[in-house]
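Here's the letter readout for the chains.
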Amino acid sequence: SSDVCSSDLLFSVYVELRNSIISIDQLTQINNRTQLLKYLSQKFKSFNVNDTSKNLYLMMLDVDDFKHINDKFGHMEGDFALKLVADSLKKVATNTSCFISRLGGDEFVVVTEKENDKLAENLSETIRNQILKDSSNTEKQYKISTSIGFAKKDSHNATVADLLKSADEAMYHNKQKHKKQAD
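Keep in mind the model is a prediction, meaning the values are calculated, not measured.

Draft legend 1. Structural context of the environment of Ser-53. Relative to the helices and strands, Ser-53 is located in the loop between helix H2 (33-46) and strand E1 (55-63). For the pair Ser-53 and Lys-114, spaced 61 residues apart in sequence, the C-alpha separation works out to 8.2 Å.

Draft legend 2. Geometry of the nonpolar core. Leu-61, Val-85, Leu-89, Phe-108, Val-110, Ile-127 and Ile-144 are the most contacted members of the largest nonpolar core, which totals 26 residues. Ranked by residues supplied to this core, first place goes to helix H4 (residues 75-95) with eight residues. Beyond its immediate stretch of four places on either side in the chain, Val-110 contacts Tyr-57, Leu-58, Met-59, Leu-61, Leu-89, Cys-98, Phe-99, Ile-100 and Ile-127. Membership of the second largest hydrophobic core comes to 17 residues, among which are Leu-40, Leu-103, Leu-163 and Ala-167.

Draft legend 3. Structural view of the packing of H2 against helix H6 (residues 160-182). Look at H2 against H6: their axes get within 10 Å of each other, and the N-to-C directions meet at 115°. Counting all contacts with H2, which are made through Leu-37, Leu-40, Ser-41 and Phe-44, the residues of H6 involved are Val-160, Leu-163 and Leu-164. Split by residue class, the contact of H2 with H6 holds six nonpolar, one polar and no charged.

What counts and what doesn't
Residues numbered from 1 in each chain as written. Predicted model: local features only at pLDDT ≥ 70, side-chain atom pairs only at ≥ 80, totals over all residues. Heavy atoms only, no water. Helix = DSSP H or I, 4+ residues; strand = E, 2+ residues; numbered from the N terminus. Core = buried A, V, L, I, M, F, W, Y, C linked by side-chain atoms within 4.5 Å. Buried < 20%, exposed > 50% of the residue type's maximum accessible area, 1.4 Å probe, protein only. Contact = heavy atoms within 4.5 Å. Axes fitted to C-alpha atoms, helices over the stretch in contact; angles between N-to-C directions. Nonpolar A, V, L, I, M, F, W, Y, C, P; charged D, E, K, R; others polar.

Below is the structure:
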């Protein structure tokens, strides 16, 4: 029976490993797109629209001029930048209850519940500042700035796809604003 025990243990270790590979982004060690979609679909099912004290927000962020970092400093630096963003997000998530994930490329998603848009706006500023602060503390020749857009689950954003699309559009507008300020 000791063989049965060890094979059960091996199997459960295998399942654990397999699940972490399926749900964790290998580079940044945070939730991946699969895990995000799973989380959102559960959240959408359990979220009570009648509870007006909290709103569900989805924030999308990407690294400004990420292509420039990759092209000028190489892909290792690009990977470093992505890991730094993920680590900064982990710091913020430790202090505020939010779900963080890497969507793919240089895009990340944060899901949180807040009372109103102002508090969601504050969180997105906190995230931007944390990433800037962490990247300023490195010996790198570049700073990592991000564009963040957010959307709230409401009648316009009734599905996960709608919410992602709205947050993506908000992020794009934010990025255009940064470009104008830089010019």
